[in-house]
Amino acid sequence: QVQLVESGGGLVQAGGSLRLSCLASGRTFSDYAMGWFRQAPGKEREFVAGISWSGGRTYYADSVKGRFTISRDNTKKTLYLQMNSLKPEDTAVYYCAAYFSTRAVVRTTSDLYDYWGQGTQVTVSS
């Protein structure tokens, strides 16, 4: 079992920045690939960014490429999402998720992730 707790959400003006964190506990953090997903009201959950177990491979949704950066610190058991140049359409609940993998691959489908945090709200005002 892996427990995930997100933090760092909040209200920010368009063009601003936020950094989300996801603290993991339970099994060995470095055995898991990680991802960030988001869900806006009335919309389906969508992939935002993913990172392999070592941090050596990352992948981003086109909508956030060049603005968001995913990273991880395995010694601190923490996943990060640095979000810059935020837009109102980035408003959503952001979730971190994990699946067991020591391969250099990144999954983009939510069904393939086994563990989820409770989410943190990000609101971007125009």
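Heads up: the structure comes first, above all this text.
Conventions and cut-offs
Residues numbered from 1 in each chain as written. Predicted model: local features only at pLDDT ≥ 70, side-chain atom pairs only at ≥ 80, totals over all residues. Heavy atoms only, no water. Helix = DSSP H or I, 4+ residues; strand = E, 2+ residues; numbered from the N terminus. Rg over C-alpha atoms; globule rule 2.2 N^0.38 Å. Buried < 20%, exposed > 50% of the residue type's maximum accessible area, 1.4 Å probe, protein only. Areas by Shrake-Rupley, 256 points an atom, 1.4 Å probe, with all protein chains shown as cover. Core = buried A, V, L, I, M, F, W, Y, C linked by side-chain atoms within 4.5 Å. Contact = heavy atoms within 4.5 Å. Pairing = 2+ DSSP bridges. Axes fitted to C-alpha atoms, helices over the stretch in contact; angles between N-to-C directions. Disulfide = S-S within 2.5 Å.

**Focus: the overall build of the protein**
- Scanning the protein from terminus to terminus reveals 0 helices and 11 strands.
- In the protein, the succession of α and β elements from N to C terminus is β-β-β-β-β-β-β-β-β-β-β.
- A globule of 126 residues ought to have a C-alpha radius of gyration of about 14 Å, and the protein, at 13 Å, matches this closely.
- Expressed along its principal axes, the backbone C-alpha trace of the protein runs to roughly 40 × 25 × 25 Å.
- Per-residue burial over the protein gives 44% buried out of 126 residues.
- Of the roughly 6400 Å² that the protein leaves accessible, carbon and sulfur atoms contribute 46%.

**Section: the nonpolar core**
- Grouped together as the largest cluster of nonpolar side chains are 38 residues, with contacts concentrated most on Leu4, Met34, Trp36, Leu79, Leu81, Met83 and Tyr94.
- Where this core is concerned, the elements lending two or more residues are strand S1 (2-7), strand S3 (18-26), strand S4 (32-39), strand S5 (46-51), strand S7 (68-73), strand S8 (78-83), strand S9 (92-100) and strand S11 (120-125).
- For this core, the element with the most residues is S9, which contributes 6 residues.

**Regarding the side chain of Ser101**
- Here Ser101 lies in the loop between S9 and strand S10 (115-116).
- Overall, Ser101 belongs to the buried group, its relative accessible area being 6%.
- Once you skip the residues sitting within four places of it in the chain, Ser101 turns out to touch Asp31, Tyr32, Ala33 and Trp53.

**Observations regarding the sheet that holds S8**
- Judged by pairing direction, the sheet is antiparallel, and its 4 strands sit side by side in the order S1-S3-S8-S7 without closing on themselves. Every other strand in the sheet has two partners, leaving S1 and S7 as the edge strands with one partner each. Pairwise comparison of adjacent strand axes, ignoring direction, gives a mean angle of 15° for this sheet.
- Two strands pair when backbone bridges link them, and S1 and S3 are joined in this way by 6 bridges, in the antiparallel orientation. Paired with Ser7 across the two strands is Ser21, which belongs to S3.

**Some thoughts on the state of the cysteines**
- For the structure on display, the rule yields 1 disulfide.
- The side chain of Cys22 participates in a disulfide bridge whose partner is Cys96; the two sulfur atoms lie 2.0 Å from each other. Across the S-S bond linking Cys22 and Cys96, the dihedral sits near 50°, which makes this disulfide right-handed. Of this pair, Cys22 sits in strand S3 while Cys96 sits in strand S9, and the two are 74 residues apart along the sequence. Judged on exposure class, the residue Cys22 and its partner Cys96 are both buried.

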